[in-house]
Amino acid sequence: MKDKLTNIIGCGLCVAFLIGLATTLTRSMLIGFKDVLPVYILMGLVIAMMLYEAFYDKKQ
C-alpha cells in the first residue's frame, strides 16, 4: 500500500510539472501552436511511459 501511494504522489507531481512546463510555452506571444505541438506530443509520450512503468510493468 505504501509503495502504491508513493507511486501515485510521485506520478502526480511529475505530471503536474510536465503539464505546467508545456503550458508555459503557449503563454508567449512569439511561440505559436505549431511550434509547441512537438512538445505536447513528447510530454504525452513521457507521461504515458511513466504511468505504464509505475503501475502496469510488474514483472516481479
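Before any of the text, the structure's been laid out above.
Just so you know, these numbers come straight off a predicted model, no measurement behind them.

Student: So what exactly am I meant to see when it comes to the overall build of the protein here?
Tutor: Per the secondary structure count, the protein includes two helices and zero strands. Taking 60 residues into account, the globule formula puts the C-alpha radius of gyration at 10 Å, and the protein, at 15 Å, lies well above it. Along the first, second and third principal axes, the C-alpha atoms of the protein reach 45 × 20 × 5 Å. Here the protein holds 60 residues, and the buried ones make up 15% of them. Summing over all exposed atoms, the protein offers an accessible surface of approximately 5100 Å²; the carbon and sulfur share of this is 71%.

Student: Quick question: what am I supposed to make of the packing of aromatic side chains here?
Tutor: Geometrically, a pair of aromatic rings is defined through the distance of the ring centres and the angle of the planes. By the definition in use, this model includes one aromatic pair. Relative to Tyr56, the ring of Tyr52 has its centre 6.4 Å away and its plane inclined at 35°; by these criteria the two rings are tilted. Here the residue Tyr52 and the residue Tyr56 both occupy positions in helix α2 (residues 33–56), the gap between them amounting to four residues, near one helical turn. With relative accessibility at 48%, the residue Tyr52 sits in the partly exposed group. On the basis of relative accessibility, which here comes to 64%, the residue Tyr56 falls in the exposed class.

Student: Looking at this model, I keep getting lost on the nonpolar core. Mind explaining?
Tutor: Across soluble globular proteins, you tend to see nonpolar side chains buried next to one another. Listed in full, the eight residues of the largest apolar core are Cys11, Val15, Leu18, Ala22, Met43, Ile47, Met50 and Ala54. When residues of this core are traced back to their parent elements, those giving at least two are α1 (2–25) and α2. The residues touching Ala22, leaving out its near neighbours within four places in the chain, are Val36, Val39, Tyr40 and Met43.

Student: Would you take a moment to explain the environment of Lys34 for this structure?
Tutor: The residue Lys34 is located in helix α2 in this model. Residue classification places Lys34 among the exposed residues on the basis of a relative accessible area of 74%. Note: C-alpha distance between Lys34 and Asn7 (27 residues apart in sequence) is 33 Å.

Student: Just checking my understanding: could you explain the packing of α1 against α2 for this structure?
Tutor: Here α1 crosses α2 at 175°, and the two axes come no closer than 10 Å. Between α1 and α2, the interaxial angle falls into the category roughly antiparallel. Within the contact between the two elements, α1 uses Asn7, Ile8, Cys11, Cys14, Val15, Leu18, Ile19, Leu21, Ala22, Thr23 and Leu25 and α2 uses Val36, Val39, Tyr40, Met43, Val46, Ile47, Met50, Leu51, Ala54 and Phe55. In the contact of α1 with α2, the residues fall into 19 nonpolar, two polar and no charged.

Rules used in this analysis
Residues numbered from 1 in each chain as written. Predicted model: local features only at pLDDT ≥ 70, side-chain atom pairs only at ≥ 80, totals over all residues. Heavy atoms only, no water. Helix = DSSP H or I, 4+ residues; strand = E, 2+ residues; numbered from the N terminus. Rg over C-alpha atoms; globule rule 2.2 N^0.38 Å. Buried < 20%, exposed > 50% of the residue type's maximum accessible area, 1.4 Å probe, protein only. Areas by Shrake-Rupley, 256 points an atom, 1.4 Å probe, with all protein chains shown as cover. Phe/Tyr/Trp six-rings, centres within 6.5 Å; stacked < 30°, edge-to-face > 60°. Core = buried A, V, L, I, M, F, W, Y, C linked by side-chain atoms within 4.5 Å. Contact = heavy atoms within 4.5 Å. Axes fitted to C-alpha atoms, helices over the stretch in contact; angles between N-to-C directions. Parallel < 35°, antiparallel > 145°, perpendicular 65-115°, else oblique. Nonpolar A, V, L, I, M, F, W, Y, C, P; charged D, E, K, R; others polar.

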